[in-house]
Amino acid sequence: MDWVKTLSKVLYIDLTRKIFWIEDREDLFSRWIGGIGVATQLYKEEVSRRTDPLSPDNVIIFAVGPGTGVFPMASKTVAVFKSPLNGYMAESHAGGRSAAAIRFAGYGAIVIKGASERPVYIVIDDEKVRFRDAGAIWGMRSSETVGRVLREALPGAGMRTIMRIGRAGERLVRYANVTVETYRHFGRMGLGAVFGSKKLKAVVVIGRRTFKLPDVKSFREIYRELYELTRGPATRKYHDLGTPANVIPLNKLGALPTRNFSSGRFEGAEEISGEKLAEENLARRVACVACPVACIHLAYIREEYATERFFYKTEFVPYDYELIYALGSNLGVNDRIGLLKIIKAVEEEGLDAISTGVVLAWATEAYEKGLISEKETLRPFRWGDWRSYIDAIHNIVLQPNEFYKILSLGVEEAARRYGGEEFAIAYNKVEPAGYHTGPLYHISLAIGARHSHLDAGAYSMDEKLVASGKDAPEPEKAVEMIIEEEAWRQILNSYVLCLFARGVYTKELVIKSLKALGYNYNEEDLMRIGREIYVEKHKIKREEGFQADKIRIPRRILETPTPLGRISENYIKKALEYYDKRIDMIMSSQQSK
Amino acid sequence: MYKRLVVMDPNMCVGCQLCMEACSNRFGYVGPTKSAIYVRSAGGVERGFVIIVCRACKDPPCARVCPTDALSLRPGGGVILSPGRCIGCGNCVSACDIGAVMWDYDTMKPLICTHCGYCVGFCPHNVLALEEVA
């Protein structure tokens, strides 16, 4: 079978009626490449402005692209759905084996609609979908156990992905995540709650198909080139210490968010740094499929039971920069083992680490300032007190009182109810990743389609300005830089690449590798399609009610100095105004075409 | 001098499966089921990985159970498949206790490592190597 053509197969699954069907969507894949390009269009077809994110009308879309399963580091699946955290179209990516499994099951995308009356999980194997009773795994305390049970109950070891939610998703915590292969996640924007609302505990995809390559000789040549580059200096940083390599440099720069963004420097940074974690706790490194980098760092914690001497347990905990910021420096936690235990709790419950950390940081400050008391929190919150935070994490999921119910809705809702908006750190209700690098980063959080640090990687633009001793550019210029980068990333996310490979996959190599598979794109095509996907996404968001001038800018962000100085409110406002105008312009010029 | 593929240290394996990709690619395919080498987790990735590949037995059980002599002894260990003789009975698959005789569902015949070493060049952590056989 022609390899390229199988990408356009889309598997539709209806959880209400428990049926499935396959459609050939060549119309979408030939126009929008794959990944986010295609997922955006599928979203447009399925979801309306009025769709309630937790109703059966919301959909879960998984999409992969032409590079998936073929080239090194094309290892990511794009998930698109309406976010229960903020009501806008959301995008979240995960690696593990998810992408290769979907591709080798013979699909370019999967669309899951409706909702089941009772807990189910689905198994996608070749051209069949099975709906299985999830009664036995619903409500399990640890999402890890869920993975273990499914691993042993199902076939396809080494060729499958097991996506599952924890109790947080079941109980509709708005920032619940979906875990794949135990240590990777569709982390952000609450996909876990959408699973939960559909009574969908897990999605297992087994991919065991094989396809003939169109042109072996040119394929091998480009493959070798990409393989050598992906294991070279361009990915070194992720290779050695992994993303936690960022802790010390960001702290030195004064950009490591600390105690709810009240400072950019954390006195305990050394203790929770990538270096220290590697020295003391690193147990194993793991890779996503087709990735020579192996950025997944697993630490171990060895602990003696309090109840019985000489009885030990050894547990594994994944760590990454964002978790160290959100659950470490931003909560004032400098006890390394304590931090790892917080991460473990977040993993077991199936929560997004960033949102959880920012919510708890707000709660700690609100407690300090007397906006809430032990009546709400059930025990005192103090910076660095990791034991309290672990309790709080379970309480966010179990929701024993009104306060924790509200915490489960995100920091914006919490501040609306209890006050302290000025230190509730969120843009468009989304708690941010950990870079207080300068104005470009914060603007990008406000206007990026995903509300993610990865929309444009604008923290790195700030860092470059700092390194070269320059000031931030005019706000208009800043917005242009952000739009340009975000537009190009639409191509990488349609291919679909891990963004850690963005330095390797230049425009030239993207074109060359696609050519080896029989796709004929030139640079102009790609730049145009990237911009078009960008516009499509921003158009959808506008229809869903997004207005840049309505965005709440947390005061705290303006008060705490960045390496580029204090951010002026005026600068951000100007940038947001310009963004609105710019999108109007692009949209009207498209319509007149 | 003949060579055979060896697993140097499974603890260095990160589970990227680039060796599987390489094996499929070598014969003009993509996908996990055209590979004569197979990597899966040892029951959760934190426990590491299992790397299953032909160990080039000097006295291979797979050859002994073949009813049509389709598997002949390879100098240096292991076997060579003569597809013309193979009737696809699958005896060889059951005879290999380490599970290293894979199955090709397109041809309905076994998929057998030729110890060519192409995968070695794509193992980023030197888990695999080609070793000279005395």
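Procedures and definitions
- Residues numbered from 1 in each chain as written.
- Chains lettered and ligands numbered in written order.
- Predicted model: local features only at pLDDT ≥ 70, side-chain atom pairs only at ≥ 80, totals over all residues.
- Heavy atoms only, no water.
- Buried < 20%, exposed > 50% of the residue type's maximum accessible area, 1.4 Å probe, protein only.
- Helix = DSSP H or I, 4+ residues; strand = E, 2+ residues; numbered from the N terminus.
- Arc of directions from axis to C-beta.
- Contact = heavy atoms within 4.5 Å.
- Pairing = 2+ DSSP bridges.
- Axes fitted to C-alpha atoms, helices over the stretch in contact; angles between N-to-C directions.
- Buried area = accessible area lost by both parts, 1.4 Å probe.
- Salt bridge = Lys/Arg side-chain N within 4 Å of Asp/Glu carboxyl O.
- Core = buried A, V, L, I, M, F, W, Y, C linked by side-chain atoms within 4.5 Å.
- Parallel < 35°, antiparallel > 145°, perpendicular 65-115°, else oblique.
- Nonpolar A, V, L, I, M, F, W, Y, C, P; charged D, E, K, R; others polar.
- Left-handed = near helix turned anticlockwise from the far one by under 90°.

S.K.: I'd like a rundown of helix α19 (residues 458-467) of chain A, residues and numbers included.
M.R.: Residue and element names in this part refer to chain A. Those residues of α19 not exposed but buried are A458, Y459, M461, D462 and L465. Along the axis of α19, the buried positions cluster into a sector of 160°, meaning they face one direction only. Exposed side of α19, more than 90 degrees from the buried face: K464 and A467 are the residues found there. Buried residues along α19 sit in contact with α18 (439-447) and α20 (475-495). Residue G469 follows α19 closely and has a positive phi angle near 70°.

S.K.: Help me get a handle on the sheet that holds strand β8 (residues 128-133) of chain A, residues and values and all.
M.R.: All names here are of chain A. Here we have six strands laid out as an open sheet, ordered β8-β7-β12-β9-β10-β11, and mixed in their pairing. Every other strand in the sheet has two partners, leaving β8 and β11 (184-186) as the edge strands with one partner each. Across the sheet, the mean angle from the axis of one strand to that of its neighbour is 20°, orientation sign disregarded. Pairing of strand β10 (residues 178-180) with β11 involves three bridges; the strand directions are antiparallel. Following the sheet pairing, V180 is matched in β11 by R184. Sitting on the sheet, helix α4 (residues 143-153) is in contact with β7 (120-125), β9 (160-164), β10 and β12 (200-206), with an inclination near 145° to β9.

S.K.: Tell me what's going on with the interface of chain B and chain A, and back it up with residues and numbers.
M.R.: Of the residues lining the interface, 35 residues belong to chain B; the matching set on chain A comes to 40 residues. Both sides of the chain B and chain A interface together cover about 3,100 Å² of buried area, and 54% of this is carbon and sulfur. Looking only at chain B, the three residues that lose the most surface to chain A are B:V30, B:E46 and B:F122, adding up to 22% of its buried area. There are zero salt bridges connecting chain B and chain A.

S.K.: Could you give me a rundown of the environment of A:G338, with the residues and numbers involved?
M.R.: Residue position: A:G338 is located in helix α12 (residues 336-349). Between the alpha carbons of A:G338 and A:N58 there is a distance of 38 Å; along the sequence they are 280 residues apart.

S.K.: So, unusual backbone geometry: which residues are in play, and what are the values?
M.R.: Residues and elements named next belong to chain A. Following Y495, the chain continues to V496 via a peptide bond in cis, the omega torsion being -10°. With respect to the helices, strands and loops of the structure, V496 is situated in the loop between α20 and α21 (507-516). With phi around 45°, E181 is a residue other than glycine that occupies positive phi space. Position of E181 relative to the elements: it lies in the loop between β10 and β11. What makes E181 buried here is its relative accessible area of 14%.

S.K.: An account of the nonpolar core is requested, with residue identities and associated values reported.
M.R.: All names here are of chain A. With 247 residues, the main nonpolar core has F62, F71, I112, L191 and W362 as its most contacted residues. Leave out the neighbours within four places in its chain, and W362 touches N260, F403, L407, V411, A414, A415, Y418, G419, G420, F423 and A424. The next biggest cluster of nonpolar side chains, apart from the first, holds eleven residues, and it includes Y121, V123, A134 and V204.

S.K.: I'd like a description of the packing of α20(A) against helix α22 (residues 523-543) of chain A, backed by residues and values.
M.R.: Residue and element names in this part refer to chain A. Where α20 meets α22, the closest approach of the two axes is 8 Å, and the angle between their N-to-C directions is 100°. By the angle between their axes, α20 is roughly perpendicular relative to α22. Contacts from I483, E486, A487, W488, Q490, I491 and S494 in α20 reach L526, M527, I529, G530, R531, I533, Y534, K537 and H538 in α22. A class-by-class count of the residues in the contact of α20 with α22 yields nine nonpolar, four polar and three charged.

S.K.: Give a description of the packing of helix α13 (residues 353-368) of chain A against helix α15 (residues 386-398) of chain A that names residues and reports values.
M.R.: All names here are of chain A. One way to put it is that α13 packs onto α15 with a least axis distance of 11 Å and a crossing angle of 115°. The angle between α13 and α15 places the two elements in the roughly perpendicular class. In this structure, α13 meets α15 at a crossing whose hand is right-handed. When α13 is examined against α15, the residues T356, L360 and T364 are found in contact with a partner set consisting of Y389, A392, I393 and I396. Split into classes, the residues belonging to the contact of α13 with α15 amount to five nonpolar, two polar and no charged.

S.K.: Explain the pattern of salt bridges to me, and be specific about the residues and the numbers.
M.R.: Residue and element names in this part refer to chain A. In the structure shown here, the tally under the stated rule is 50 salt bridges over all chains. Residue R209 is joined to E127 by a salt bridge in which the shortest nitrogen-to-oxygen separation is 3.4 Å. Residue R209 is found in the loop between β12 and β13 (211-212), and its partner E127 is found in the loop between β7 and β8; the two are separated by 82 residues along the sequence. Relative accessible area serves as the criterion here: at 16%, R209 is assigned to the buried category. Put simply, E144 and K344 hold a salt bridge, and the shortest N to O gap is 2.9 Å. With E144 in helix α4 and K344 in helix α12, this pair connects stretches of sequence that are 200 residues apart. Here the residues in one salt-bridge network are R31, D525, R528 and E532, joined through shared partners.

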